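# What the coordinates show
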Amino acid sequence: MIKVKENIISVPDGYVQDFIDESFRLDTPEEYVRQNIEKRLVNEHKFFRNQIEVEMPIKIGSGNKRIDLAIFDENVEKKQENISIIIETKKEQVDYTDRAEGIDQLKSYMAACLNCEFGMWTNGKSKFVYRKLKDKKNKYFFEEFNDIPSKGRDISEID
């Protein structure tokens, strides 16, 4: 008979274990939304956990910010210029029109990340997805989409 040694993890009261990096995070309404999105990214969109960075620091001007979830293509260094998708999660009470916490925040993060093509903002009940494009004068603009592309899928397949 083979005995299997089990690792039992005890999660402290008031915390959740992060689905991506397995760290302990405060159990907050915003964290609840983020954990649901993390599971969706892996289970539905088929991203590998190692393609996703949680609380990724980026530079915007002279300041530093943190992206809730940064998604990278496979086999690239996890640095700001290589982020391909940014996801910002908020608690349900935050409105998408809030200048500091809403869609404007997402777009400013996308603009600061050179190769970021897609971004999603969600509070668990509302979701907004944008693709960053350049016009003929090399100015960025944002086109609204239904969803982010799944791993290895063409954007034409987004429903």
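These remarks concern the structure in this document.

### Considering the nonpolar core
Among the nonpolar cores identified, the biggest contains 18 residues, and Leu 41, Ile 52, Ile 71, Ile 87 and Ile 148 are the most heavily contacted of them. Listed by contribution, the elements that provide at least two residues to this core are helix H1 (29-43), strand E3 (52-60), strand E4 (63-72), strand E5 (83-89) and strand E6 (118-122). With four residues, the single largest contributor to this core is H1. Once residues within four sequence positions are removed from consideration, Ile 52 is found in contact with Ile 20, Leu 41, Val 42, Phe 47, Leu 69, Ala 70, Ile 71 and Lys 78. Counting 17 residues, the second largest nonpolar core, distinct from the first, contains Ile 67, Ile 103, Cys 116 and Trp 121.

### Thoughts on the pattern of salt bridges
This model, assessed by the stated rule, comprises 15 salt bridges. For Arg 34, the salt bridge goes to Glu 55, with nearest N and O atoms at 2.6 Å. Of this pair, Arg 34 sits in helix H1 while Glu 55 sits in strand E3, and the two are 21 residues apart along the sequence. Owing to a relative accessible area of 5%, Arg 34 belongs among the buried residues under this scheme. Where salt bridges share partners, they join Glu 31, Arg 34, Glu 55 and Asp 68 into one cluster.

### Quick notes on the packing of aromatic side chains
Using the criterion set out here, one finds three aromatic pairs in the structure. Between Tyr 96 and Phe 128, the ring centres sit 4.5 Å apart and the planes meet at 35°, which makes this aromatic pair tilted. Placement of Tyr 96 in the loop between E5 and helix H2 (103-112) and of Phe 128 in strand E7 (residues 127-134) is noted, with a sequence separation of 32 residues between them. The exposure class of Phe 128 is buried, given its relative accessible area of 15%.

### Thoughts on H2
Along H2, the residues classified as buried are Ile 103, Gln 105, Leu 106, Tyr 109 and Met 110. Down the axis of H2, the buried side of the element spans an arc of 160°, and every buried residue falls inside it. In the core, the buried residues of H2 are packed alongside E3, E4, E5, E6, E7 and strand E8 (140-145).

Calculation rules
Residues numbered from 1 in each chain as written. Predicted model: local features only at pLDDT ≥ 70, side-chain atom pairs only at ≥ 80, totals over all residues. Heavy atoms only, no water. Core = buried A, V, L, I, M, F, W, Y, C linked by side-chain atoms within 4.5 Å. Buried < 20%, exposed > 50% of the residue type's maximum accessible area, 1.4 Å probe, protein only. Helix = DSSP H or I, 4+ residues; strand = E, 2+ residues; numbered from the N terminus. Contact = heavy atoms within 4.5 Å. Salt bridge = Lys/Arg side-chain N within 4 Å of Asp/Glu carboxyl O. Phe/Tyr/Trp six-rings, centres within 6.5 Å; stacked < 30°, edge-to-face > 60°. Arc of directions from axis to C-beta.

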